[in-house]
Amino acid sequence: MTDKVADADELLLRLRRFRSDYFPTHQQRFQDLVTEGQHPKTLFIGCSDSRVVPYLLTGSGPGELFIVRNVGAFIPPYDGSHGLHGTMAAIEFAVLTLHVERIIICGHSHCGAIRAAYEGAPDEAVALKAWLKLASEALLPVQSSPEAMRKTEKRAVVLQLERLMEYPMVRRDVEAGKLTLHGWHYVIEDGEVHVFDVKQGDFVPASLASNSGTGPYQPYVEHDGQIFSD
Ligand SMILES: [Zn+2]
């Protein structure tokens, strides 16, 4: 019977495995998180790409990351008015209610969103087409090549960091020294996250970086602007 279920529905089997194998050894942690509530210190904004696994990258477990993911890890412009916007709502909740101490924006190599920003999306994907415009300022006036894609992915992360600073509650907390911003570019094939270093105006492999983030955030334009000119 069990095998039949497994054949028919692998996902159901995985749900049962979580309950029988994982949960018993972590039950107390889950119970504490229910009793005390969640107090994550980090908002992780990542691309929806299945190869980006925030818990693996950061060695995190339950209760540690407040996560919002979308196509491209993009930040919509803050207009302070209306609209049903999940990413904006998550940022507001994380900063105003959870009082997170850091916000990570994590792009990655071989990002389909960045490729689609160059090559276009299906006509029927009206929301996607509009969404991809959030990367348009990061695009380079060149044919898409592996090098151009890599540069654009990084430029897009910096662009989103800038947009994040347009959110009043983000800017306020950053300027008060309560919140740091972290721009990451995860190179899947190397197993390495490259961290945006504001002072250098470039991304530095985590193995060589002195800091995981940019805080306190200063706009890259006040430095050498290298990220947008190299
Ligand atoms: Zn992506």
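For clarity, every value in this text was computed on a predicted model and none was experimentally measured. Every chain is numbered on its own, with residues counted from 1 as its sequence reads. Selection of residues for local features in this predicted model requires a pLDDT of at least 70, selection of side-chain atom pairs for listing and counting requires 80 or more, and totals for whole chains, interfaces and linings are taken over all residues.

Asks: Just to check I follow, could you spell out helix α5 (residues 112-119) for this structure?
Replies: Residue pairs spaced three or four apart in an α-helix point in one direction, given the helix's 3.6 residues per turn. Of the positions making up α5, those classed as buried are A113, I114 and A117. Seen end-on, α5 carries its buried residues on one side only, within an arc spanning 100°. Lining the buried residues of α5 we find β1 (42-47), α6 (126-132) and α7 (146-164). Buried, partly exposed and exposed are defined by the number of other C-beta atoms within 10 Å of a residue's own C-beta, namely 20 or more, between the two limits, and 12 or fewer respectively, with C-beta atoms placed from the backbone. The way it works is that DSSP assigns letters per residue, a run of H or I at least four long becomes a helix, a run of E at least two long becomes a strand, and they are numbered from the N terminus. For this quantity, the arc is that covered by the directions from the helix axis to the C-beta atoms. For every residue pair, C-beta atoms are placed from the backbone, and the pair is scored as a contact if these atoms sit within 7 Å.

Asks: Honestly, the pairing of strand β4 (residues 180-187) in this entry has me stumped. Any pointers?
Replies: As a general feature of sheets, a regular strand has side chains that alternate between the two faces. Most of β4 sits out of view: seven of its eight residues are buried. Being paired, for any two strands, means DSSP has found at least two bridges between them. Where strand β3 (residues 102-108) meets β4, seven bridges bridge the pair, whose relative direction is parallel. By the bridge assignment for β4, I103 is matched with L181. Hairpin remark: β4 followed by strand β5 (residues 192-197), antiparallel, with four residues in the connecting loop; positive phi at G191, about 65°.

Asks: For this particular structure, what's the right way to read the packing of helix α4 (residues 86-97) against helix α8 (residues 168-175)?
Replies: When two helices pack together, their arrangement is given by the angle between the helix axes and by the axis-to-axis distance. Axis definition: a line fitted to C-alpha atoms, over the contacting stretch in the case of helices. Angles run 0 to 180 degrees between N-to-C directions. For the pair α4 and α8, interaxial distance at closest approach is 9 Å and the crossing angle is 35°. Considering how the two elements wind past one another, α4 and α8 form a crossing that is left-handed. On the side of α4, the interface is formed by I91, E92, V95 and L96, while α8 contributes M169, V170 and D173. Definitions for this section: a left-handed crossing has its near helix turned counterclockwise from the far helix by less than a right angle. A right-handed crossing has that turn clockwise.

Asks: Help me out: how do you make sense of the sheet that holds strand β2 (residues 65-70) in this one?
Replies: Backbone hydrogen bonds hold the strands of a sheet together, and the pairing may be parallel or antiparallel. If you walk across this open sheet you meet the six strands as β2-β1-β3-β4-β5-β6, and the pairing is mixed. The sheet is open, and its two edges are formed by β2 and β6 (202-205), each paired on a single side. For this sheet, the mean inter-axis angle between neighbouring strands, taken without regard to orientation, is 30°. In the sheet, β4 pairs with β5 via four bridges, with the strands oriented antiparallel. Each residue of the ladder has a partner; that of V187, found in β5, is E192. In the packing of α4 onto the sheet, the strands contacted are β1 and β2, and the crossing angle to β2 comes to about 165°.

Asks: Whenever I open this one, unusual backbone geometry confuses me. Can you help?
Replies: Both trends apply: most residues other than glycine have a negative phi, and most peptide bonds are in trans. Non-glycine residue A73 carries a positive phi angle of around 60°. Examined against the element boundaries, A73 turns out to sit in the loop between β2 and α4. The buried category is assigned to A73, around which 32 C-beta atoms lie within 10 Å. In this model, H110 sits at a positive phi of 55°, which is unusual for a non-glycine residue. Mapped onto the fold, H110 is located in the loop between β3 and α5.

Asks: Got a minute to help me understand the nonpolar core in this structure?
Replies: One broad rule of soluble globular proteins: the nonpolar side chains tend to lie buried together. Each nonpolar core reported here comprises buried Ala, Val, Leu, Ile, Met, Phe, Trp, Tyr and Cys residues connected via C-beta atoms within 7 Å. Core analysis: the biggest nonpolar cluster contains 47 residues, and I103, I105, C106 and A135 have the highest contact counts within it. Apart from the residues lying within four places of it in its own chain, the contact partners of C106 are F44, I45, G46, C47, V52, A73, W184 and Y186.

Asks: I tried to follow α7 on my own but got confused; where do I start?
Replies: Over its 19 residues, α7 extends 27 Å from the first C-alpha to the last, a length consistent with the 27 Å expected when each residue adds 1.5 Å. For α7, every residue scored as buried is listed here: T152, E153, K154, R155, A156, V157, V158, L159, Q160, L161 and L164. For α7, the secondary structure elements touched by its buried residues are β3, α5, α8, β4, β5 and β6. Helix span, expected: 1.5 Å multiplied by one less than the number of residues in the helix.

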